[in-house]
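Inside the fold
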Amino acid sequence: MNWPTELIGQKMRRNLVVGNWKMHGNMQSNQLLLNRLIKGLSGFKNADYVVCVPSPYLFQARLLLENTNIAWGGQNVNQHEQGAFTGAVAANMLTDLGCTYVILGHSERRNLFYENNLTAAARFDAAIKAGLTPIMCVGETVAERDAGLTEVIVAGQMDAVLASLGDKEFAKAMELNMVFAYEPVWAIGSGKTASPEQAQSVHQFIRHRIARRNAEAASKVRIIYGGSVKAANAEELFTMPDVDGGLIGGASLNADEFEAICQVANSLQASTCLAE
Ligand code: PEP
């Protein structure tokens, strides 16, 4: 692709910040937090913002967030369309509640609920069929990193998804602006953030992996970083060339911290990237 010369070296993708509330919140605290974010983020026009809330609170999120610049999404989806799957949530149920995004393959789902590359791929397929933008998480454990296996692990996680998509599904995933999240397991909730260089190296690897399938798509896919992102380290991470924003756990429950992270994404976009 021939970019205009003034754009060479600039990031072409719009930053994305996603809050993962995990299993936290109640009606009252959610209302306080969302109202603070609605106000705080209302002027941030240059990036995209999402909160992925526990399923019972999606209706509340919809009531509060409709017609704001904050989207809402689920934290997982079942691979089946409907049926006798007690406790599971179908993709169409999320779209029914106005969700546009869903987190998939989070390491907590993989480690605590025995999900694997195959089920993650099946969930990805169910999400795109329903019209949800998947945020597919990949990342290595500390033992895997120490053994020099980071790229092997991430490649396996990526390839399971990419190989399961036929050309039609791949095109649909691109239409929906599929997102990958690099989340080193050792950095999640640990306070140990990957260095900007460590993050960049894996993000670039992920982009190359997508480019093996489709180079143009690879240049467009947003790859966000997750793992102990805070207001204090967001800028050094988000300025890396292949880091297009963040997936934020703990800090997304604190209105000031989350707003500050969104502000970083917004102002970096305004200064170094093309706004949509
Ligand atoms: C996460 O849950 O995806 C996450 C990145 O958590 P934290 O920001 O708390 O490390």
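Shown above is the structure to which this text applies.
So, on to the pattern of salt bridges. Throughout the structure, instances matching the rule amount to 16 salt bridges. D159 is paired through a salt bridge with R209; the nearest N and O atoms lie 2.6 Å apart. Within this pair, whereas D159 is found in helix 7 (residues 150–164), its partner R209 is found in helix 9 (residues 196–211), the two being separated by 50 residues in sequence. D159 sits in the partly exposed class, given a relative accessible area of 26%. Relative accessible area serves as the criterion here: at 16%, R209 is assigned to the buried category. As a salt-bridge pair, D244 and R207 come within 2.9 Å of each other at their nearest N and O atoms.

Here the focus is the packing of aromatic side chains. Counted according to the given criterion, the structure contains two aromatic pairs. A centroid spacing of 6.3 Å and a plane angle of 55° characterise the contact between F44 and Y49, whose relative ring orientation is tilted. On the basis of relative accessible area, F44 is assigned to the buried category, the value being 11%. A cation sits over an aromatic face here: R109 above F113, 4.0 Å from the ring centre.

What counts and how
- Residues numbered from 1 in each chain as written.
- Predicted model: local features only at pLDDT ≥ 70, side-chain atom pairs only at ≥ 80, totals over all residues.
- Heavy atoms only, no water.
- Salt bridge = Lys/Arg side-chain N within 4 Å of Asp/Glu carboxyl O.
- Helix = DSSP H or I, 4+ residues; strand = E, 2+ residues; numbered from the N terminus.
- Buried < 20%, exposed > 50% of the residue type's maximum accessible area, 1.4 Å probe, protein only.
- Phe/Tyr/Trp six-rings, centres within 6.5 Å; stacked < 30°, edge-to-face > 60°.
- Lys NZ or Arg CZ within 6 Å of the ring centre and 35° of its normal.

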